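Each chain, written out:
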Amino acid sequence: MGYGNYSAQAHDQLLHRRSQAPAAEVFTQQNCHPLMNPKGVLARESRDGPDHPDTHPVVFALDVTGSMGDLPRLMATRELPSFMRILEQCRVPDPQLLFMAVGDAYSDRAPLQVGQFESTAELMDQWLTRSFLEGGGGGSGEESYELAMYFLAQHTELDCVVKRKKRGYLFMTGDENPYATLSRHVVESFVGDRLDDDLKVEEIVAELQKTFVPFFVVPDERRRGACEAAWRDLLGDHVLLMSDPADICFVSAGAMLLCEGIAKSLDDVGKAFDAAGVRHERRGPALSALKRVERLYGEGRGVGSSVASRSPAGPVERVMDVLLRR
Amino acid sequence: MTLAADRPVLRGVRASTKLLPVSTPLRSGAASLECPRCHAPLAPSRFARQTECPYCGATVRVDPSSVETRTFREARQAWDDPAAHGFTQWLTVGGRHWSLAGLLARGTTSDVYLAQRARWPTQWVVLKLLRERSQTERFEREGAQLAKLSTGGLQLGARAPCFVQRGVVSAGPHEGRAALLYAHEHDFRNTFEDVRRALPQGVAPEVSVWMWRRVLELLAALHQEGLAHGAILPSHLLVQDEDHGVRVVGFGSLEGATPASVERDVRMSAGCLASILGGDLNSGEVPASVPPPLARLLREVAQGGQARGAWVLREQLGGLARTLFGPPSFHPLVLPR
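Bear in mind that the values here come from a model prediction, so they are computed numbers and not experimental data. (Residues numbered from 1 in each chain as written. Chains lettered and ligands numbered in written order. Predicted model: local features only at pLDDT ≥ 70, side-chain atom pairs only at ≥ 80, totals over all residues. Heavy atoms only, no water.)

1. Description of the pattern of salt bridges
- Applying the stated criterion across every chain, the model contains 48 salt bridges over all chains.
- A:Lys166 is the salt-bridge partner of A:Glu260, the closest N and O atoms lying 2.8 Å from each other. Placement of the pair is A:Glu260 in helix α10 (residues 248-260) and A:Lys166 in the loop between α6 (159-164) and β7 (168-173), with a sequence separation of 94 residues.
- What makes A:Glu260 buried here is its relative accessible area of 16%.
- Here B:Arg214 makes a salt bridge to B:Glu217, at a shortest N to O gap of 3.1 Å. In this pair, B:Arg214 and B:Glu217 are both assigned in helix α4 (residues 205-224), three residues apart and thus about one turn of the helix distant. The pair formed by B:Arg214 and B:Glu217 is uniform in burial state, with each residue classed as buried.
- One salt-bridge network, in which partners are shared between bridges, spans A:Glu45, A:Arg47, A:Asp48, A:Asp54, A:Glu157, A:Asp159, A:Lys163 and A:Arg164. (Salt bridge = Lys/Arg side-chain N within 4 Å of Asp/Glu carboxyl O. Helix = DSSP H or I, 4+ residues; strand = E, 2+ residues; numbered from the N terminus. Buried < 20%, exposed > 50% of the residue type's maximum accessible area, 1.4 Å probe, protein only.)

Laid out in structure tokens, this is it:
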């Protein structure tokens, strides 16, 4: 997938028509869309082509349980063009977006829904709005984020990895912990794979990092207490704490710019926000959520998506200089 | 070794220890397979996911939906190996590896280091290592309290440091020492003590207002939870660069809130503020450059005058600041480089 070109104008027009529409009008699915059902899917592909010779795959895995339903609506009615506009301003070539919807495998009907990698506004929007916002989730304080990560680790084919040794980006939103173990029965039920054993979430994250740079995005400060510790243990400073769910696109784009080394500092990210017309009142909070990412990748250390760069960001002394600056 | 895949692929083949991608045709209408390497007939049992070729020893995967967890386990092993990420020295606490990046401070009972998780994506933390074994109980209490503050759903939110881990160093340098780790926030670099050192004449009174209000907000939240900090000292207060944030650390003296302990917290906070205004920590006396109403309030609170709760004092301070300096505005703390 991924044919066609992105047009910000077309995207804005698409969203303008529904800017005031309630979620029920935008997301009309009452069940998992057959084309988003991951069962039996061999692979979701992000391929280079004549129009897109240098693809940058980006996955938004959106928690669609009851407490998180607002975020997909915000993206579908207002915010997604900002993400593309920021990347466009910074000349990130050929972004291809894939949307996933994540729920709870133990209580939801559709705990995992997977779209396709797309380059055009219409198709991105199509997969996003085909998501079934089940609004479920269990009461255990966990959701099946690890199932989504397993799918990405096992069932994606990315030309950027094969041809250029560069990884894609995963931005997973959520407010709960992942299950510590992914049961092979869950995998067989929802994906169709027959595992020879259960998998620990750490094992999945390790495998996932061969092809993706993962970030976990917490929508606001209020919800950090329930999940921050577990996610930091897995992803360290790749856990982004926003102050408002509406910042999802700015924060994701900013993290990508820093990680790619396109922005050397938060000042650079701020300039990109300004050029893309990010609302003034959201600029500061969005930059604030990126402070830890700046520490990892700022000042020219941003080569995070390179497969070979999964190592400390530089000599410890250099990092110390940056950190302490006494 | 990779075998040529000139026939429809079923899945893969593994030569006893090594996985090899290969094609394996399933003859139509028959449940027979042939080894993609030596073409010998294979006879897997009915529900087998894979079978071993009796002639060449290759392991042929016969179930196209089967996935080996071995790849995932190997990936995790490599991920958890600090050497694979370029680290040469690390210490281990509770199975997690940390690399020390430098000494931040040397306290009376412990050494405070900046450290990072020895894998990628990394996590920067403050790692406290107990030096005085006689203080083990107090150190453990601090760890337990910090863990409770971070995870107990208290109203402290982002005002307290985010607890990461506690335990004993089981391998590497400092083996056997008790360790406490909490998240390092790189824009909270300077303690009130550092600020006093950098600006001996004191910070601007406008700046001191938001600093005190942040400390009082934290104390109010803590007191509401039935706890008192017990050691609000300049070395336990961290101030944010280029923003209006203050964090409190040093939870070793945390205790139950009583009228006396609550009053002591509030009193100590006034002393700390007097100190960064260039005044005296104990008496709350400040230089003449501080507007008299603010100086009076500081002195009164620091000397244990009229008792009031942290939130009440915060509101009172807000009202006073509005009278003295006008509506709230942004006054970042700027330290000389």
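2. Section: the confidence of the model for chain A
- Confidence along chain A averages 88 in pLDDT terms, with 90% of residues attaining 70 or more.
- Contacts from residues 309-326 of chain A, a stretch scored under 50 in pLDDT, to residues over four places away or in other chains number 41 contacts. (pLDDT = per-residue confidence, 0-100. Contact = heavy atoms within 4.5 Å.)

3. Brief notes about unusual backbone geometry
- That bond from B:Trp120 to B:Pro121 is cis: its omega, 0 degrees, falls within 30 degrees of zero.
- With respect to the element layout, B:Pro121 can be found in the loop between β10 (110-117) and β11 (124-130).
- Positioned with a positive phi, A:Lys165 is a non-glycine residue whose angle comes to about 55 degrees.
- Relative to the elements of secondary structure, A:Lys165 occurs in the loop between α6 and β7.
- Phi is positive for B:His174, close to 65 degrees, though the residue is something other than glycine.
- Examined against the element boundaries, B:His174 turns out to sit in the loop between β12 (163-171) and β13 (178-183).
- On the accessibility criterion, B:His174 (25% relative accessible area) is partly exposed.

4. Remarks on the interface of chain B and chain A
- Each partner contributes residues to the interface: chain B has 43 residues there, and chain A has 48 residues.
- Approximately 4,200 Å² of surface area, both sides summed, lies buried where chain B meets chain A, with 53% of it carried by carbon and sulfur atoms.
- Connecting chain B to chain A are four salt bridges.
- For B:Arg96, the salt bridge goes to A:Asp233, with nearest N and O atoms at 2.9 Å.
- The tally of links from chain B across to chain A stands at 13 residue pairs in polar contact (both at pLDDT 80 or more).
- Mapped onto the side of chain B that touches chain A, the elements with two or more residues apiece are β7 (66-67), α1 (70-79), β9 (96-106) and β10 of chain B.
- Counting residues per element, the side of chain B that touches chain A draws most heavily on α1(B), which supplies six residues.
- Tallied by class, residues from the side of chain B that touches chain A come to 15 nonpolar, 14 polar and 14 charged.
- In terms of strand pairing, strand β10 (residues 194-195) of chain A meets β7(B) through two bridges, oriented parallel. (Buried area = accessible area lost by both parts, 1.4 Å probe. Polar contact = N/O pair within 3.5 Å; in protein donor to acceptor, adjacent residues only side chain to side chain. Nonpolar A, V, L, I, M, F, W, Y, C, P; charged D, E, K, R; others polar. Pairing = 2+ DSSP bridges.)

5. A closer look at the pairing of strand β6 (residues 58-61) of chain B
Residues and elements named next belong to chain B.
- Burial of β6 is two-sided: the residues Ala58 and Val60 facing one way and the residues Thr59 and Arg61 facing the other way are all buried.
- The sheet contact formed by strand β5 (residues 50-52) and β6 spans three bridges and is antiparallel. Within β6, the residue paired with Gln50 across the bridge is Arg61.
- Remark: five residues form the turn of the hairpin made by β5 and β6, two consecutive strands paired antiparallel; Gly57 in that turn has positive phi of roughly 85 degrees.

6. Points about the sheet that holds strand β14 (residues 190-191) of chain B
Residue and element names in this part refer to chain B.
- Reading across from one edge, β14-β16-β17 is the order of the three strands in this open sheet, with antiparallel pairing throughout. Looking at which strands have only one partner, the edges of the open sheet turn out to be β14 and β17 (246-248).
- For strand β16 (residues 237-239) and β17, the ladder comprises three bridges, and the chain directions are antiparallel. By the bridge assignment for β17, Leu238 is matched with Arg247.
- α4 contacts β16 and β17 of the sheet and is inclined by roughly 40 degrees relative to β17. (Axes fitted to C-alpha atoms, helices over the stretch in contact; angles between N-to-C directions.)

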